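Analysis of the macromolecular model
As a plain string of letters, each chain reads:
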Amino acid sequence: MKEPYLVYSTARGEVREERSLRALAFDGSPLRAEELIPLPDGATLSMLPGRLPVGLDAAGQRRTLQRRGAWALAALLPIGYTRTHLPAYSKDPESGPLPFFGYCAVAGLKGRLFVAALRTDDPHKWHPRAFPRRTLERLIQEKLAAYPHNRVLKQHAHCALDYYCPTASNLFFGRWEMAIAVSPGCNARCVGCISKQEEEQLISPQDRLTFVPTVEEIVEVAVPHLELAEEAIVSFGQGCEGEPLLQWRRIEQAIREIRRRTDRGVININTNASNPRWLQRLYDAGLDMLRASTISGREETYTAYYRPIGYTLADVKESLKRARDAGVYASINLLCFPGLIDREREVEALLAFVRETGLRLIQLRNLNIDPEVLLPRLPALDSLGKALGMRALIEILRQELPEVEIGNFSRPVKRCTGQPAGNRAEAGARV
């Protein structure tokens, strides 16, 4: 068979082929060879329990593979790759929600495994090989021994060892982007939150931070990293916490103290950008970079996913415009769900959002969620126009926004200073 064919998992985790059935995507469309890439190095295969494999037979009819112990198969991509299709399956009505991962369609072709994805950034800094376990364990022991009372270090030792978090690990490796979690609270109730879920049947894959670090604890780990690390970034706002802006006073004090001690490296915040006034205080204190999370440029879609408390998408836009005017390098963390963000009205709204706010970078992020959990909570997809496809979306962004970088990671960019109010900030200086 020249077309991609169905692959599936046994209950024991073995990968099997069914070459008589053509591989399908979640939306029911056949996967085409030209839109697939070989399974990337660092990807993980995942069975989908309670989901039966489906494919197209020779007559073009959708058929469920009725084989004992056969489950649908998906791939979990390494960071740096953006999925273009979700996996197809037939769901057992009695099965529960899938864990919070970014499931990608996988198929067989000429005896090899392929995925529906694109490489959209250089993944070497985020590849598992960059974080050898024994070295990490030794570095954590050394750092905890040197700073035995610092709770930030203890928190991120847990994140590095138990959740394999790259930014937490970088704190101990002394390089690149380093995590600092500060906020146990949040002012949004994201459907796909990975650290706290309100619904009983949805289980968060991570434990949320339970304390607020002191300014001294923050500064103690941030300053050495900024002074010594390669391409150093210190980032507030991590997956193990809520919304860092709820601790804006603490962050403001920490930024001022950090900058009193060193002017090296880059200070970043990953945020929902819900309060322009609080963020302005951080801009004034010396914040270099901001990455705001969004799933859409449309108010209706945004609100359905984030379920914000006390703010709107208009506040997010205002925060980004103020960042532009302050010379802060601003990007968005665009939560990517094929079949949603690539629809005509969503693409139009996203282009308008980026142009209005003066963003410099769009970071594509595969949304970790069960489609059956997400879709019932969103506006009807048919109301958003035709699905153009993820490849088409990325190409449109590159053509329509040539001055905006498309990728998956934060770049270490120092803020511009002396930027006249109202003028668009330049990209800044890479460190």
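Analysis parameters
Residues numbered from 1 in each chain as written. Predicted model: local features only at pLDDT ≥ 70, side-chain atom pairs only at ≥ 80, totals over all residues. Heavy atoms only, no water. UniProt positions renumbered as here; feature names shortened; annotations may be inferred. Core = buried A, V, L, I, M, F, W, Y, C linked by side-chain atoms within 4.5 Å. Buried < 20%, exposed > 50% of the residue type's maximum accessible area, 1.4 Å probe, protein only. Helix = DSSP H or I, 4+ residues; strand = E, 2+ residues; numbered from the N terminus. Contact = heavy atoms within 4.5 Å. Domains from an automatic or database assignment. Buried area = accessible area lost by both parts, 1.4 Å probe. Salt bridge = Lys/Arg side-chain N within 4 Å of Asp/Glu carboxyl O.

- As annotated in an unreviewed UniProt entry, the chain carries the name Radical SAM protein and comes from Thermogemmatispora aurantia.
- The record in UniProt for the chain states the following under Cofactor (unreviewed entry): "[4Fe-4S] cluster".

**Looking at the nonpolar core**
- Of all hydrophobic cores here, the largest spans 99 residues; its most connected members are I180, F236, I269, L290, Y305, L320 and I362.
- The leading source of residues in this core is helix α4 (residues 215-228), at 7 residues.
- Ignoring any residue separated from it by four or fewer positions in sequence, one finds L320 in contact with L290, A292, A330, S331, I332, F353, T357 and L359.
- Judged by nonpolar contacts, the second largest core, of 11 residues, contains I37, L73, C104 and A117.

**Overview of the domain arrangement of the chain**
- For the chain, the domain assignment lists domain 1 (5-119) and domain 2 (124-407).
- Between the C-alpha centres of domain 1 and domain 2 there is a distance of 29 Å.
- Taken residue by residue, the interface counts 26 residues in domain 1 and 28 residues in domain 2.
- Buried area between domain 1 and domain 2, both sides added, is near 2,200 Å², and the carbon and sulfur share of it is 62%.
- Where domain 1 meets domain 2, there are 2 salt bridges.

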